[in-house]
Amino acid sequence: DLKIDQELNYSLSREEVNYFKEDNLEIKTLATNKVIFEKRPLNLSKVLVFLGLNAEYKENVKNFVQLNRNTKTIEINKDDVDIKLKFYKIAVEIGKYVIDSNFGVSDSEARNIQNHIFAINLLMPYNETRNKLLIGYTLDHLADYFNVSYEVAHYRYNYIVNRII
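Just so it is clear, the structure is predicted and the values come from calculations on it, not from any experiment.

**What to know about unusual backbone geometry**
Thought 1: Positioned with a positive phi, Asn-60 is a non-glycine residue whose angle comes to about 55°.
Thought 2: The class of Asn-60 is exposed, set by a relative accessible area of 74%.
Thought 3: Phi is positive for Asn-147, close to 60°, though the residue is something other than glycine.
Thought 4: Note on placement: Asn-147 falls in the loop between helix H7 (139-146) and helix H8 (150-164).

Next comes the structure, spelled out in structure tokens:
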């Protein structure tokens, strides 16, 4: 479900390309907020409060989690879907909110990929993840440390290792 391998192969403006680099403004702002980033795994509740968003459990939510732009609420399906998948999907919806706030609302495939890139950067910041790899963290250790699925940890691992080598 992560089509991130295509990453930024879409036509983006220079402003958008700069925004989606590893050091985009919102992630830097979040990262400098010690209350939010004081420990791992990331506390998504604190991120939501920081951004002025709410979260609410509901029945029959599309894709387990979705952003309601009108109420600034991330709606989370009441079910037994893996909590790590829900955390990731919440991070994707946070990305949708932040990105839409900066570039306007879009449901294009390119924007969907950008939302996923934002989510991975939010949950597994590049420098912190790279440093964990350099001291010997395995994929299982990364997944546990950042509270993400093995699939997300694997994607991030490959992305970083391909840039280190």
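**Re the packing of helix H6 (residues 126-134) against H8**
Thought 1: In the contact formed by H6 and H8, the axes pass within 10 Å of each other and the chain directions differ by 80°. Compared by their axis directions, H6 and H8 come out roughly perpendicular. Facing H6, whose interface residues are Tyr-126, Thr-129, Arg-130, Leu-133 and Leu-134, H8 presents Arg-156, Tyr-157, Tyr-159, Ile-160, Val-161, Arg-163 and Ile-164.
Thought 2: Residues that form the contact of H6 with H8 fall into these classes: eight nonpolar, one polar and three charged.

**Thoughts on the pairing of strand E3 (residues 73-77)**
Thought 1: Of all five residues making up E3, five are buried, and the element is well covered by its neighbours.
Thought 2: Of the two faces of E3, the one lined by Thr-73, Glu-75 and Asn-77 and the one lined by Ile-74 and Ile-76 are each fully buried.
Thought 3: Where strand E1 (residues 54-58) and E3 come together, five bridges link them in parallel fashion. For Ala-55, the partnering residue across the bridge sits in E3 and is Ile-74.

**Concerning the packing of H7 against H8**
Thought 1: Viewed as axis vectors pointing N to C, H7 and H8 meet at an angle of 115°, and their least axial separation amounts to 9 Å. By the criterion of interaxial angle, the relationship of H7 to H8 is roughly perpendicular. Considering how the two elements wind past one another, H7 and H8 form a crossing that is right-handed. Note on element contacts: H8 touches H7 through Tyr-150, Ala-153, His-154 and Tyr-157, opposite Leu-139, Asp-140, Leu-142 and Ala-143.
Thought 2: Considering only residue class, the contact of H7 with H8 consists of six nonpolar, one polar and one charged.

**Some details on the pattern of salt bridges**
Thought 1: Overall, the coordinates contain seven salt bridges when judged by the stated rule.
Thought 2: A salt bridge links Asp-144 to Lys-84; the shortest N-O distance between them is 3.8 Å. Separated by 60 residues along the polypeptide, Asp-144 in helix H7 and Lys-84 in helix H4 (residues 83-103) bring together distant segments of the chain.
Thought 3: By relative accessible area, Asp-144 is classed as exposed at 54%.
Thought 4: Salt bridges sharing common partners tie together Glu-56, Lys-58 and Glu-75.

Criteria and thresholds
Residues numbered from 1 in each chain as written. Predicted model: local features only at pLDDT ≥ 70, side-chain atom pairs only at ≥ 80, totals over all residues. Heavy atoms only, no water. Buried < 20%, exposed > 50% of the residue type's maximum accessible area, 1.4 Å probe, protein only. Helix = DSSP H or I, 4+ residues; strand = E, 2+ residues; numbered from the N terminus. Axes fitted to C-alpha atoms, helices over the stretch in contact; angles between N-to-C directions. Parallel < 35°, antiparallel > 145°, perpendicular 65-115°, else oblique. Contact = heavy atoms within 4.5 Å. Nonpolar A, V, L, I, M, F, W, Y, C, P; charged D, E, K, R; others polar. Pairing = 2+ DSSP bridges. Left-handed = near helix turned anticlockwise from the far one by under 90°. Salt bridge = Lys/Arg side-chain N within 4 Å of Asp/Glu carboxyl O.

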